[in-house]
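Listed here are the chains, written in short residue letters.
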Amino acid sequence: MDAKLKETILNPIFKGNPISVLVLGICSSLAVTVELKGACVMALSVIIVTGLSSLVCSLIRKTIPNRVRIVIQLTVVAMMVILVDQVLKAFAYGIDKQLSVYIGLIITNCIVMGRIEAFALGNKPIPSLLDGLMNGVGYGMILVIVGFFRELLGSGTLFGFPVLKAIGYTNNGLVILPPMALIFLGCIIWVQRSIQKDLQEK
Amino acid sequence: MEYLSLFVKSIFVDNMIFAYFLGMCSYLAVSKNVKTANGLGIAVILVLLITLPINYLLNTYVLAPGALSWLGPKFAEVDLSFLSFILFIAVIAGIVQVVEMVVEKFLPSLYSSLGIFLPLIAVNCAILGGSLFMQQKEFVNCGEATVYALGSGIGWYLAIVALAAIREKLSYSNVPAPLKGLGITFFTVGLMGIAFMAFMGIQL
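Starting from 1, residues in each chain are numbered consecutively following that chain's sequence as written. Think of it this way: whatever chain is written first is A, whatever ligand is written first is 1, and the rest follow in order. The predicted origin of the model limits local features to residues at a pLDDT of at least 70 and limits the giving and counting of side-chain atom pairs to 80 or more, whereas totals for whole chains, interfaces and linings rest on all residues. As a rule here, side-chain values come from all non-hydrogen atoms in the structure, and water together with hydrogens is ignored.

**Quick word on the overall build of chain B**
Cut-off, in case you're wondering: Helix and strand definitions follow DSSP, with helices as H or I runs of at least four residues and strands as E runs of at least two, each counted in order from the N terminus. Using a 1.4 Å probe on the protein chains alone, a residue whose accessible area is under 20% of its type maximum counts as buried, one over 50% counts as exposed, and one in between counts as partly exposed. In this description, contact between two residues means that some pair of their heavy atoms is separated by no more than 4.5 Å.
For chain B, the helix and strand inventory stands at nine helices and zero strands. Beginning at the N terminus, the succession of helices and strands in chain B can be written as α-α-α-α-α-α-α-α-α. Considering only C-alpha atoms, chain B reaches an extent of 70 × 45 × 35 Å along its principal axes. Looking at the 204 residues of chain B, the share that counts as buried comes to 49%. Put simply, of all contacts in chain B between residues at least 6 apart along the chain, 76% involve residues at least 24 apart.

**Brief notes about a nonpolar patch on the surface**
Residue and element names in this part refer to chain B. Let me state the cut-off plainly: A patch consists of residues exposed above 30% relative accessible area that lack any salt bridge, with like charges linked at up to 9 Å and nonpolar side chains (Val, Leu, Ile, Met, Phe, Trp, Tyr) linked at up to 5 Å. Residue exposure ignores everything except the shown protein chains as possible cover, and the areas themselves are Shrake-Rupley values with a 1.4 Å probe. Salt bridge, as applied in this entry: a Lys or Arg side-chain nitrogen positioned within 4 Å of an Asp or Glu carboxyl oxygen.
Together, Leu-57, Tyr-61, Trp-70, Leu-71 and Phe-75 give the surface a local cluster of nonpolar side chains, amounting to about 520 Å² of exposed area. For Phe-75, the position within the fold is in the loop between helix H3 (34–63) and helix H4 (84–106). Since its relative accessible area comes to 31%, Phe-75 is described here as partly exposed.

**Observations concerning the interface of chain A and chain B**
The line we're drawing: Once two parts are put together, the accessible area they lose, assessed with a 1.4 Å probe and summed over both, is termed the buried area. By the criterion applied in these results, polar contacts are pairs of N or O atoms within 3.5 Å in which, for protein atoms, one can donate a hydrogen and the other can accept it, and in which residues neighboring in sequence qualify only through two side-chain atoms. Polarity classes work like this: nonpolar for Ala, Val, Leu, Ile, Met, Phe, Trp, Tyr, Cys and Pro, charged for Asp, Glu, Lys and Arg, and polar for all others, with Gly in that last group.
Between chain A and chain B, the contact holds 42 residues from the first and 38 residues from the second. For the chain A and chain B pair, buried surface summed over both sides reaches about 3,500 Å², with 83% attributable to carbon and sulfur atoms. It is Cys27(A), Thr108(A) and Leu182(A) in chain A that bury the most area against chain B; as a group they hold 16% of the surface buried on that side. Our count for the contact surface shared by chain A and chain B stands at zero salt bridges. Viewed at the interface, chain B and chain A are joined by one residue pair in polar contact (both at pLDDT 80 or more). Where the side of chain A that touches chain B is concerned, the elements lending two or more residues are helix H3 (69–91), helix H5 (101–104), helix H6 (110–118) and helix H9 (179–195) of chain A. Sort the elements by how many residues they give to the side of chain A that touches chain B and H9(A) lands first, with 12 residues. Looking at side-chain class alone, the side of chain A that touches chain B contains 28 nonpolar, 10 polar and four charged residues.

**Quick look at the packing of H3(A) against H6(A)**
Residue and element names in this part refer to chain A. Convention followed: To get an axis, a line is fitted to the C-alpha atoms, and for a helix only the part in contact is used. The angle between two axes follows their N-to-C directions and goes from 0 to 180 degrees. An angle below 35 degrees is treated as roughly parallel, one above 145 as roughly antiparallel, one from 65 to 115 as roughly perpendicular, and anything else as oblique. Crossings are classed by handedness, with left-handed meaning an anticlockwise turn of the near helix from the far one by less than a right angle and right-handed meaning a clockwise turn.
Contact geometry of H3 with H6 gives a least axis separation of 11 Å together with a crossing angle of 130 degrees. On the basis of the axis angle, H3 is oblique to H6. Note that H3 runs across H6; the crossing there is right-handed. Contacts between H3 and H6 involve Arg-69, Ile-70, Gln-73, Leu-74 and Val-77 from the first element and Val-112, Met-113, Ile-116 and Glu-117 from the second.

What follows is the structure, given as C-alpha cells:
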C-alpha cells in the first residue's frame, strides 16, 4: 500500500506528467504563461480544482449511474471552478481579469476529467485526493517553468521585478507572443525525453 | 459589412488554436491523418454553430446583470452571471447529446464518419471557450454571435486539417529521436502560429 501511495504521489510529477507525457490540458495552460504571476495563480487554481473534484467524485462514485457519469462529473468540476473563480474575483480581481476566460476553461481541462475517469471513480477518497492534487502539481510545474522563462526572456522581469535590466539585456518581444509557449513546451519535452529514453516514440 | 469583418477576424486573427490555444488536447491527439481531422473539424463547426447562439440567448435573457428584467421590475437587479460556467457547460453537454442522436437517426453516413468525436466534443475547450469569449465580447445581437461561431469553427477546422497534412508528410522525415511524435508537433504548431500572426491587425 505504501509503495502504491508513493507511486500515486510521485508518478504525475515526472514519469506520468499530465502535460509533457499524457498531453492533457494544454488548452488553458499556454495562454496564461506570459507572466510568472499569472502562471502561478493558474497552477494553484488547477491544483485546487483537480484535488477537490477528484475527492468529491470519489466520495459519490458508488451512487453515480454509469450512463450519466460525464454530466455529473462536469457538474462537480464546474462547481469547483465557480468557487475558485468567485474567490479570485473577491480577493485578486486584477489577476482574474488578466486570466479572463481561462479560469472558466479549467472545466474542460482534460486533466481534471481524465483523472476523475481514470482514477477517482475506482479508488478511495484519500488516494483520489492525493492523485488529483499531484496531477495538479505536475501540471502547475510545467506552467511555472514556461512562465519563468517567458517572463525572464520576454520582459526581463520576474514577478514584475526587473532582473535582467542590470546586465543590459534587451527584451525579446518574440517570446511574449502566444506561439512561443508551444516552442518552449516542445523544448521541455525534448529535454525530458532525452533523459528518459523509454518515453520516445518510434 | 461588420459581419464580414467579424467573420474574417474570427477565422484568421482570433484563431482559436493559434491565438488562444483552445481545443489543443483533441487538436494534438486527432491530427495524425487528414481524414479523421476533417471529421473532427466538421463536428466542431457544427456544435459551435448550435451552442453559441443558444448560450448567447441564455446570457442575454437570463444570466447577465439585469437580464431578468423581462420578468418584472422586481427582477431588474438580479445578477446571475456567476452561474454562467455551469449553465454553459450543461447546455453544451446537452446539445452534443441531442446532435449525436439526431445525426445518428437522420444522417447515418455522417454519423459513422464522425464516430467517437461527437461525444468527445462536450469537453473540447474550443466550444466552451467560444461561449465564454462571446460573453466577454458583448455582441449586440444573435446574428453576430452566430457569425462569430461559424468563423471560429472554420478557423479551428483550417488549423487541424493543415496540421494533419503536415504531420502526414512529417512521418517520412528524419526527426531526432527525443523529438519524434509529440515534440516536433509542438514545434510545428508554434511555427504555424507565428505564421498566422501575420494576419494580425487586418481590417475589412
